[in-house]
Amino acid sequence: MSAPLTASIGPTADTYVQSGAFANTNFGTATTLQTDRNDGGTYKEAFLRFSIGAVGTITRARLRLFVTNDAANSADIVRVPSTTWGETTTTYNNRPAKGPILGSILSSTNGTFVDVDVTSAVSPNSSVSFAIVPRSSDTFFVRSREASSNRPQLIIDTTTPGAGQGQWSAPFFLAAEGVHAHMLPNGKLLFFPHGEDAGMQVTIWDPVAGSYTPAPNMRTNVGCSGHAFLPDGRLLVAGGEPHDMIGMGTGLRDANIFDYRDNSWTPVPDMNNPRWYGNVTTLANGDMLVLTGDMTLDDGNPIPQVWQTSGGGWRTLSGAFRKLPSYSFTHLAPDGRVVVTGPERHTVLLNTAGTGSWSSIIASYNATIFRSYASSVMYDDGRVLVVGGGNPPVATAEVLDLNAATPRWRNVAPMSVARRHHNATLLPDGQVLVTGGTSASGFNNPAGAVLPAEIWNPVTEAWTVVASMQIPRLYHSTAVLLPDGRVVTTSGKGSGDTVGEERRETEFYSPDYLSRGPRPTISSAPTSVSYGQTFFVGTPDASAISRVTWIRLPSVTHAFDQNQRMNTLSFSTATGGLNVTAPSNRNVCPPGHYMLFILNNLGVPAVARIVQIL
């Protein structure tokens, strides 16, 4: 059972309205919410809506607002019965009706937070709307959810954890360091440690049998390398760090391939220059893009390369010179280019054809920060969520739709707490689990260790605070989805950059979907399929299945999974099972191995089968 929680929930919608000449104008994209009784003879009031999940027994709820105007002004907080008004459609002339006053702000100061008790209006698993109504002729301005920081919050205190929070296992000792964690096609986990020659002491862990198998790399210290899976399930590992760590920050030119079938390492030709903290991205044709990575502490590798899977050897993208931060967030985009979604604010695309070329900036974060040690995840075809990061850390989250004619970053509700060094993990139902991190300033400050996890729903774009882990997960922590639907999290330094050993205490998180009832089962599934192929999945529970998804095998380190993405697959019911159709577009589903999940109408997933698409 998890500890009682204080949840901080961001609004799912907010806007203000104005009478007079602007009575039919919508202000849903404004960065401030304005109220006034006499602004040139006009009237302004603001509206906010929140979505509350399964937060447990509520003892107190407070609406927290950040004041942005100078005068010490006042306002009433009013309950709004309607929860269906539109953020981008509400105007003065169609604004929702207001209910009773819940509380008042009698004075306020620019640049500070004010709280109003709204406990009587709040309940679990519901939506609630409020209005901010001016008490006097003076203005009262607060930041909106579109602001880059200090957005509105609904602070909820609970005495007991609630249904829907899931459950963490008791910590157990893992006889390996999981600074890098990879789910292999045989269901086992491959772990790389970090430091000195430790990065050569690679270990395979079977989470079902609980057994360990050494798989040392006798050539390369693969700590702080880049990595992603080849189409055949082998793992390409690019770069690493010096054996003696004397040249900390000086990368290696080494490249290696790990073969899960016999636990062997094969060196391949060296890269053009060293890389430390580099990225590897699987392309639509199965080739592998290697990008970024430090050659020295002060000089990153600006020339991308492509490992040619079919013919072998490197193809250098000499026309794509660009210096990017180490461990940048890279994803294969729907048009076949590779998108870089951070940590720099500006988003660019790399065309890997020929000698390569970069686009101009296609979008920029709304948050004007460098999202260092944030997490970025492609949660749907061409749709990316970036959350947290920075120093000091932020709680903000933004989404980018690469399918749009003009992609733009868009703010969504922030997390309950600021984080950096956290992990964002795709779940079988399409939601995103965020675990660990620190909310305190500094590189890796344990004083701000965040224990509650939270889950982002891509449909409502709201966060739900869930159960709390026992072990802090900071710099070097990892989180991996298992075929049984649980998430395992391990490692993470106790404090500082190089101070403290990696944590060996490891925990499993079981999301709420594992407590909703019996699992469906997969009795048969192919081991490999072709693009666009309709294939049969045997299950005695076919009539109850509401969704089929698959998630690419994870390959995660330093708060970013270099292999993570998911597809929702179309299907129909058949005798004894389902007819499922594989994606036909390699850009949204690069070749390789995926965990195939079927989910029933309660959202409970079956234990996945690992299926290869070629």
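Residues numbered from 1 in each chain as written. Predicted model: local features only at pLDDT ≥ 70, side-chain atom pairs only at ≥ 80, totals over all residues. Heavy atoms only, no water.

Visitor: Got a minute to help me understand the overall build of the chain in this structure?
Guide: Each helix and strand counted, the chain has zero helices and 53 strands in total. The C-alpha atoms of the chain give a radius of gyration of 25 Å, which matches the 25 Å a tight globule of 614 residues would have. Taking the principal axes of the C-alpha coordinates as reference, the chain spans close to 75 × 60 × 45 Å. Across the 614 residues in the chain, those meeting the buried criterion constitute 61%. A separation of at least 24 residues holds for 63% of the contacts in the chain among residues at least 6 apart in sequence. With an accessible surface of roughly 20800 Å², the chain has 50% of that area assigned to carbon and sulfur atoms. (Helix = DSSP H or I, 4+ residues; strand = E, 2+ residues; numbered from the N terminus. Rg over C-alpha atoms; globule rule 2.2 N^0.38 Å. Buried < 20%, exposed > 50% of the residue type's maximum accessible area, 1.4 Å probe, protein only. Contact = heavy atoms within 4.5 Å. Areas by Shrake-Rupley, 256 points an atom, 1.4 Å probe, with all protein chains shown as cover.)

Visitor: What is the right way to look at the sheet that holds strand β46 (residues 545-552) in this model?
Guide: Within a sheet, each strand pairs with its neighbour through backbone hydrogen bonds, oriented either parallel or antiparallel. On the basis of which strands lie adjacent, the open sheet formed by five strands has the order β44-β53-β52-β46-β49 and mixed pairing. Since the sheet does not close on itself, it has two edges, and those belong to β44 (528-529) and β49 (566-568), each with one partner. Inspection of the sheet shows β44 paired to strand β53 (residues 609-613) by two bridges, in the parallel sense. Each bridged residue has a counterpart across the sheet, and for S528 the counterpart in β53 is Q612. (Pairing = 2+ DSSP bridges.)

Visitor: Would you explain the sheet that holds strand β39 (residues 452-457) in this entry?
Guide: Strand order in the open sheet made by the four strands is β37-β38-β39-β40, with antiparallel pairing throughout. In this open sheet, the two strands that pair with only one neighbour each are β37 (423-426) and β40 (462-468). Pairwise comparison of adjacent strand axes, ignoring direction, gives a mean angle of 25° for this sheet. In this structure, strand β38 (residues 432-435) lies alongside β39, joined through three bridges in antiparallel fashion. Bridged to V432 within β39 is W456. (Axes fitted to C-alpha atoms, helices over the stretch in contact; angles between N-to-C directions.)

Visitor: Just to check I follow, could you spell out the pairing of strand β22 (residues 279-282) for this structure?
Guide: Each regular strand carries side chains that alternate between the two faces of the sheet. Going residue by residue along β22, you find N279 and T281 tucked away on one face and V280 and T282 tucked away on the opposite face as well. Sheet topology note: the β22/strand β23 (residues 288-291) ladder contains four bridges and is antiparallel. By the bridge assignment, T281 is partnered in β23 with L289. Between the antiparallel neighbours β22 and β23 lie five residues, among them G286 with a positive phi of about 95°.

Visitor: Quick question: what am I supposed to make of the pairing of β40 here?
Guide: The buried fraction of β40 is high, at six of seven residues. Relative to β40, β39 is paired through five bridges, and the arrangement is antiparallel. What sits directly across from N457, in β40, is A462. The turn linking β39 back onto β40 is made up of four residues, and E461 within it adopts a positive phi angle of 55°.

Visitor: Please clarify how unusual backbone geometry should be interpreted in this entry.
Guide: One can expect most non-glycine residues to show negative phi and most peptide bonds to be in trans. For the bond running from G342 to P343, omega is 5°, close enough to zero to count as cis. Looking at the secondary structure, you find P343 in the loop between β29 (338-340) and β30 (346-351). A cis amide bond links N391 to the next residue, P392, at an omega of 5°. In this structure, P392 sits in the loop between β34 (383-387) and β35 (397-401). Despite not being glycine, C224 shows a phi value in the positive range, around 60°.

Visitor: What is the right way to look at the environment of R315 in this model?
Guide: On the secondary structure map, R315 appears in strand β27 (residues 314-316). Judged by its relative accessible area of 25%, R315 is partly exposed. Dropping the residues within four chain positions of it, R315 is found in contact with Q305, V306, Q308, T352, A353 and G354. For R315, the side chain forms a polar contact with the main-chain oxygen of T352, separated by 2.9 Å. Among the polar contacts listed, one links the side chain of R315 to the backbone oxygen of G354, at a separation of 2.7 Å. (Polar contact = N/O pair within 3.5 Å; in protein donor to acceptor, adjacent residues only side chain to side chain.)

Visitor: Whenever I open this one, the packing of aromatic side chains confuses me. Can you help?
Guide: Ring pairs (aromatic) are described by centroid distance and by the angle formed between their planes. Summed over the entire model, instances satisfying the criterion amount to 24 aromatic pairs. Between Y43 and Y92, the aromatic rings sit 6.4 Å apart at their centres with planes inclined by 70°, giving edge-to-face as the arrangement. With Y43 in strand β4 (residues 42-52) and Y92 in the loop between β6 (75-80) and β7 (101-105), this residue pair connects regions lying 49 residues apart in the sequence. Look at Y277 and Y327: their rings are 4.6 Å apart centre to centre, the planes differ by 35°, and that puts the pair in the tilted class. Of this pair, Y277 sits in the loop between β21 (264-268) and β22 while Y327 sits in the loop between β27 and β28 (330-332), and the two are 50 residues apart along the sequence. Comparing Y277 with Y327 shows no difference in burial state: the two are buried. (Phe/Tyr/Trp six-rings, centres within 6.5 Å; stacked < 30°, edge-to-face > 60°.)

Visitor: Just to check I follow, could you spell out the environment of V290 for this structure?
Guide: Within the secondary structure layout, V290 lies in strand β23. On the basis of relative accessibility, which here comes to 0%, the residue V290 falls in the buried class. When sequence neighbours within four positions are dropped, the list of residues in contact with V290 reads A238, M271, R275, N279, V280, P304, Q305 and W314.

Visitor: Help me understand the layout of surface pockets in this model?
Guide: Rolled over the atoms, a probe as big as a water molecule pinpoints where empty space is left. The space that makes up the largest pocket amounts to roughly 580 Å³. D429, Q431, I455, N457 and R516 are the residues nearest the centre of the largest pocket, which is lined by 33 residues in total. Where the lining of the largest pocket is concerned, the elements lending two or more residues are β4, β33 (375-380), β39, β40 and β49. It is β40 that contributes the most residues to the lining of the largest pocket, four residues altogether. Among the residues making up the lining of the largest pocket, the classes are represented as 14 nonpolar, 13 polar and six charged. (1 Å grid on protein atoms, 1.4 Å probe; cavity = no way out; pocket = protein on both sides within 12 Å on 5 of 7 lines; lining within 4 Å. Points joined across faces, edges and corners; volume = space filled by probe spheres on them. Nonpolar A, V, L, I, M, F, W, Y, C, P; charged D, E, K, R; others polar.)

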